[in-house]
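Notes for the structure review
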Number of protein chains: 2
Amino acid sequence: MSQAQINSYQAVQAEIMKRIQGREWPPGTLIPGEMELAEAFGCARATVNRALRELAETGILERKRRAGTRVALNPVRKAVLDIPITRHEIESRGAAYGYNLVERTRAGPTPTVQARLELPADADMLHVSCMHLADQRPFQFEDRWVHIPAAPGILEAPLDRLSANEWLVQEVPYSHGRILFSAANATPREAELLEVAEGSALFIVERTTWLACSPITFVRMSYRADYSMVTEL
Amino acid sequence: MSQAQINSYQAVQAEIMKRIQGREWPPGTLIPGEMELAEAFGCARATVNRALRELAETGILERKRRAGTRVALNPVRKAVLDIPITRHEIESRGAAYGYNLVERTRAGPTPTVQARLELPADADMLHVSCMHLADQRPFQFEDRWVHIPAAPGILEAPLDRLSANEWLVQEVPYSHGRILFSAANATPREAELLEVAEGSALFIVERTTWLACSPITFVRMSYRADYSMVTEL
């Protein structure tokens, strides 16, 4: 590449990546400073700065204030997952959203729910489950437990037409949570609701949310095996 | 809560969350400014600033330079997933790492691989698959295709003792990629390798990585149903 071609930060990135991939700069190498690179490439220092900053954000380079910039030895990559409201996820796929309430019962928590939310066996809870449909086909089965004292108004919520997912996002803020992704074979009930064969593999997302030290809800969302969650790196 | 107790940013956050949860400040509310809140809480403006900044990062509040701070109407939450090297993931769980090469063949891509990497049928590829073990038990089956021209040195890599996952991370930088999470029923071969019953649900992670416009690798990683991937919200 001639110097004259390097006039954008993307071109600077491409040149740096070529040197890394060509082993001219193997992992761990301390690369030249911004001013030196700007001079070598015949471009502005700000252009080099932007190129290095973005490559550092992706984990390919490691920048330290005093020690300079190195080619990363063991880049730990990170992916950012959006956690959308299920209705929005379906609509963003261009499908018509449908909703069916399956069950709404005031009940004590199961041992699993107790463990996940760190609640006693006599906690006052609402067990609410529903189907989310995309173009009238089963999309997700939502099986949820809500800690009633942490979600004022949940007993009066119009859950026959609005999912607990959507109601909670609008009405009950949370400060943190945990998500688990896994797989499970469909039970007879899940198979019937999701219209798949019994034992069919399901993609499972389990989420607990909290407001400071107060547990709000535990939800287990099951998707058919033809669903996939996508994220960009 | 008396004013005297509000002397940390966590206490300011707790008070703000109480007002949001108690519907004193329902979704969409423009909340008082930093100086006003500092005065009301009897604390430093910097303390209020830190509390608001963190609540904005979690998506509970929305801050705009001129328009002030509002309680978010539809917070889209984001989760950050680390993408570790499989050996590191196993070791971070406190287990001993084990590795077995299953297959290494130079071959043309399957239609699926062609589609995922946008490569022609005659692309020069290495098909390499292996088992990752945790305390000598099956942990993950890695089934990978590598585009040889994009991974110089892969044919000489010591894949009988080092996984392609680890070799690639160290040797071949990538600029971007895509990850799909889903579930599938174990084929007879997967069942044998992962030591589960045929048809057992597997958690599947598929990843493609690229350096600029050049595809590098497609990998399908299968985990037993007792595995779960965890992330904090």
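Residues numbered from 1 in each chain as written. Chains lettered and ligands numbered in written order. Predicted model: local features only at pLDDT ≥ 70, side-chain atom pairs only at ≥ 80, totals over all residues. Heavy atoms only, no water.

Under an unreviewed UniProt entry, chain A has the name GntR family transcriptional regulator and belongs to Fodinicurvata halophila.

Description of the pattern of salt bridges
Worth spelling out the cut-off: Basic side-chain nitrogens of Lys or Arg form a salt bridge, by our definition, when they fall within 4 Å of a carboxyl oxygen of Asp or Glu.
Under the counting rule described, the total for this entry stands at 33 salt bridges over all chains. For B:Arg93, the salt bridge goes to B:Glu89, with nearest N and O atoms at 3.6 Å. One continuous salt-bridge network, built from bridges that share partners, spans A:Arg116, A:Glu190, A:Glu206 and A:Arg220.

As for the packing of aromatic side chains
The test is simple: Side-chain rings of Phe, Tyr and Trp (the six-membered ring for Trp) are treated as a pair once their centres are within 6.5 Å; stacked means planes under 30 degrees apart, edge-to-face means over 60, and tilted covers the remaining angles. Under the DSSP-based scheme used, a helix requires at least four consecutive residues in state H or I and a strand at least two consecutive residues in state E, with every element numbered from the N terminus. Only protein chains enter the accessibility calculation, which uses a 1.4 Å probe; a residue is then buried when its area is under 20% of its type maximum, exposed when over 50%, and partly exposed in between. Geometrically, a lysine NZ or arginine CZ counts as sitting over a ring once it is within 6 Å of the ring centre and also within 35 degrees of the ring normal.
This structure, assessed with the given rule, holds 14 aromatic pairs over all chains. Here B:Phe181 and B:Phe203 contribute two aromatic rings whose centre-to-centre distance is 6.3 Å and whose plane-to-plane angle is 15°, an arrangement assigned as stacked. Note that B:Phe181 is positioned in strand β7 (residues 176-185) and B:Phe203 in strand β8 (residues 201-211), a separation of 22 residues in sequence. Look at B:Phe203 and you get buried, because its relative accessible area is 0%. An aromatic cluster is defined as three or more aromatic residues linked by ring pairs; in this entry it consists of A:Phe139, A:Phe181, A:Phe203, A:Tyr223, A:Tyr227, B:Phe139, B:Phe181, B:Phe203, B:Tyr223 and B:Tyr227. Above the face of the A:Tyr9 ring, A:Arg50 is positioned so that its terminal group lies 3.8 Å from the ring centre.

What about the packing of helix α1 (residues 9-21) of chain A against helix α3 (residues 45-57) of chain A?
Residues and elements named next belong to chain A. Let me state the cut-off plainly: Between the N-to-C directions of two axes lies an angle of 0 to 180 degrees, each axis being a line fitted to C-alpha atoms and, for a helix, fitted only over the stretch in contact. With respect to orientation, any angle under 35 degrees is reported as roughly parallel, any angle over 145 as roughly antiparallel, any angle of 65 to 115 as roughly perpendicular, and every other angle as oblique. Each crossing gets its handedness from the near helix: less than a right angle anticlockwise from the far helix is left-handed, clockwise is right-handed. Throughout, a residue-residue contact means that at least one pair of heavy atoms, one from each residue, lies within 4.5 Å. Gly is placed with the polar residues, together with every amino acid not listed as nonpolar (Ala, Val, Leu, Ile, Met, Phe, Trp, Tyr, Cys and Pro) or charged (Asp, Glu, Lys and Arg).
Look at α1 against α3: their axes get within 8 Å of each other, and the N-to-C directions meet at 60°. Taken together, the axes of α1 and α3 are oblique relative to one another. The handedness of the crossing between α1 and α3 is right-handed. Mapping the contact onto sequence places Tyr-9, Val-12, Gln-13, Ile-16 and Met-17 in α1 and Thr-47, Val-48, Arg-50, Ala-51, Leu-52, Glu-54 and Leu-55 in α3. Taken together, the residues of the contact of α1 with α3 break down into eight nonpolar, two polar and two charged.

Let's talk about the nonpolar core
What counts, and what does not: Buried Ala, Val, Leu, Ile, Met, Phe, Trp, Tyr and Cys residues that are joined via side-chain atoms within 4.5 Å together make up what is termed a nonpolar core.
Grouped together as the largest cluster of nonpolar side chains are 114 residues, with contacts concentrated most on A:Leu159, A:Phe181, A:Phe203, B:Leu159, B:Phe181 and B:Phe203. With residues up to four places along the chain from it excluded, the contact list for A:Leu159 reads A:Tyr99, A:Leu101, A:Arg104, A:Leu126, A:Val128, A:Ile154, A:Ala164 and A:Trp167.

Thoughts on the relation of the copies chain B and chain A
In plain terms, the rule: The fit set for superposing copies consists of C-alpha atoms from residues with pLDDT of at least 70 in both; the fit itself is least squares.
Structural alignment of chain B on chain A gives an RMSD of 0.1 Å, achieved by rotating through 180° and translating 0.0 Å along the axis. The transformation just described matches what one would write down for a two-fold rotation axis.

As for the sheet that holds strand β8 (residues 201-211) of chain A
Note the cut-off: Pairs of strands are assigned from DSSP output, requiring at least two bridges between the strands.
Spatial ordering of the open sheet is given by β4(A)-β5(A)-β6(A)-β9(A)-β8(A)-β7(A)-β10(B), a layout of seven strands whose pairing is antiparallel. Each edge of the open sheet carries a strand with a single partner, namely β4 (97-107) of chain A together with β10 (229-232) of chain B. When strand polarity is set aside, the average angle formed by the axes of neighbouring strands in this sheet is 15°. Sheet topology note: the strand β5 (residues 125-134) of chain A/strand β6 (residues 137-147) of chain A ladder contains 10 bridges and is antiparallel. By the bridge assignment, A:Cys130 is partnered in β6(A) with A:Glu142.

A closer look at the side chain of B:Thr29
Put simply, the test is: Think of a polar contact as two N or O atoms within 3.5 Å of one another; within protein, one of them needs to be a possible hydrogen donor and the other a possible acceptor, and neighboring residues in sequence only count if both atoms come from side chains.
Tracing the backbone through its elements, the reader meets B:Thr29 in the loop between α1 (9-21) and α2 (34-41). Polar side-chain contacts of B:Thr29 include one of 2.5 Å to the backbone oxygen of B:Pro26.

Describing the sheet that holds β7(B)
Reading across from one edge, β10(A)-β7(B)-β8(B)-β9(B)-β6(B)-β5(B)-β4(B) is the order of the seven strands in this open sheet, with antiparallel pairing throughout. Unpaired on one side and paired on the other, β10 (229-232) of chain A together with β4 (97-107) of chain B mark the two borders of the sheet. Strand-to-strand twist in this sheet, taken as the mean axis angle between neighbours without regard to direction, amounts to 15°. Helix α6 (residues 164-171) of chain B contacts β5 (125-134), β6 (137-147), β8 and β9 (214-223) of chain B of the sheet and is inclined by roughly 50° relative to β6(B).

Observations concerning α6(B)
Regarding α6(B), the residues found buried are B:Ala164, B:Asn165, B:Glu166, B:Trp167 and B:Leu168. Its buried side turned inward, α6(B) meets α4 (86-92), β5, β6, β8 and β9 of chain B.

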